[in-house]
Amino acid sequence: MDHADDRELVTCTPEGDLARQAARALVGEMLRTGWWMLPVGLVVIALAAYAVVREPVVVAVLLAVAVAVTVPFTFWDTARRIRRLAPEGAYAAQLRATELWLRTPLGESSVAYRAFSRVRRSGDVVLLRQRGTSVTFVVPAGLFPGGLLDELRARTDAAAG
């Protein structure tokens, strides 16, 4: 394998609560990309509530409560699941000729650039969206200092052809 295009190995240990940072980014991403689900869900709740109580004020209160409970619960549940699946520890990354190599507290992986449909930074984390799925890898932004994040985006875009 030709390693001429490999970049230097970058390591970092995230500061703060990585699960909380990742949850904030993922819930934000869900709200941005799944924006249409919120109004559809609210219409369904409104119709069901109106069919039962036939009081517009009660329906409005139920909708407000649904929104006020759903978003924080989704954030809390996402952070809880991330904490369970991604223990704290050191991370490492290396941009290689045809793939991104990652080491997390759970193990190592190499993912071809063409596997990613989107690379986006959100606060202290980077979201790597897997092409053709709803799977998003979350890694600390500290793995991509300087221009490495832009280079990762360029390699991902080039591999997508």
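Everything here concerns the structure above.
Source: prediction; values computed, not measured.

**Observations regarding the packing of aromatic side chains**
Now for step 1: Applying the stated criterion across every chain, the model contains 2 aromatic pairs.
Now for step 2: Relative to Trp76, the ring of Phe73 lies with its centre 5.7 Å away and its plane at 40 degrees, an arrangement referred to as tilted. One end of the pair is Phe73 and the other is Trp76, both in helix 3 (residues 56-85) and 3 residues apart, which spans about a single turn.
Now for step 3: Relative to Phe137, the ring of Phe116 lies with its centre 6.1 Å away and its plane at 90 degrees, an arrangement referred to as edge-to-face. Of this pair, Phe116 sits in strand 5 (residues 116-122) while Phe137 sits in strand 7 (residues 136-140); the two residues are 21 residues apart in sequence, bridging distant segments of the chain.
Now for step 4: Look at Phe116 and you get buried, because its relative accessible area is 0%.

**A short note on helix 3**
Now for step 1: The end-to-end C-alpha distance of helix 3, which contains 30 residues, comes to 43 Å, matching closely the 44 Å that a straight helix rising 1.5 Å per residue would cover.
Now for step 2: By the burial criterion, the buried members of helix 3 are Val59, Ala66, Phe75, Asp77, Thr78, Ala79 and Ile82.

**Regarding the sheet that holds strand 7**
Now for step 1: Within the open sheet, the 3 strands sit side by side as 5-6-7. Their pairing is antiparallel. Single-partner strands in this sheet number two, and they are strand 5 and strand 7. In this sheet, neighbouring strand axes are inclined to one another by 20 degrees on average, regardless of whether the strands run parallel or antiparallel.
Now for step 2: Taken together, the 6 bridges between strand 5 and strand 6 (residues 125-130) define a ladder with antiparallel strand orientation. Paired with Arg120 across the strands is Leu127, a residue of strand 6.
Now for step 3: Across the sheet, helix 1 (residues 18-33) lies against strand 5, strand 6 and strand 7, angled at about 50 degrees from strand 6, the strand it touches most.
Now for step 4: Sheet strands touched by helix 4 (residues 148-160): strand 5 and strand 6. Its angle to strand 5, the strand with the most contacts, is close to 165 degrees.

How each quantity is defined
- One numbering rule holds for all chains: residues counted from 1, following each sequence as written.
- Local features in a predicted model are, by the rule used here, given only for residues with pLDDT of at least 70; side-chain atom pairs are given and counted only at 80 or more, and totals for whole chains, interfaces and linings are based on all residues.
- For the side-chain quantities, the full set of heavy atoms in the structure was used; hydrogens and water were omitted.
- The aromatic pairing rule takes the rings of Phe, Tyr and Trp, using the six-membered ring of Trp, and pairs them if the centres are within 6.5 Å, calling planes under 30 degrees apart stacked, those over 60 edge-to-face and the rest tilted.
- Each helix is a run of DSSP H or I of at least 4 residues and each strand a run of E of at least 2, with the numbering of both proceeding from the N terminus.
- Three labels apply to residues, based on accessible area from a 1.4 Å probe with only protein chains included: buried if under 20% of the type maximum, exposed if over 50%, partly exposed otherwise in between.
- One fewer than the residue count of a helix, multiplied by 1.5 Å, yields its expected span.
- When DSSP locates at least two bridges between a pair of strands, those strands are taken to pair.
- Comment: axis = line fitted to C-alpha atoms, over the contacting stretch for helices; angle = value between 0 and 180 degrees taken between N-to-C directions.
- Working rule for contacts: check all heavy atoms of both residues, and any pair within 4.5 Å makes them a contact.

It is worth stressing that arrangement in space is one thing and function is another; only the former is reported here.
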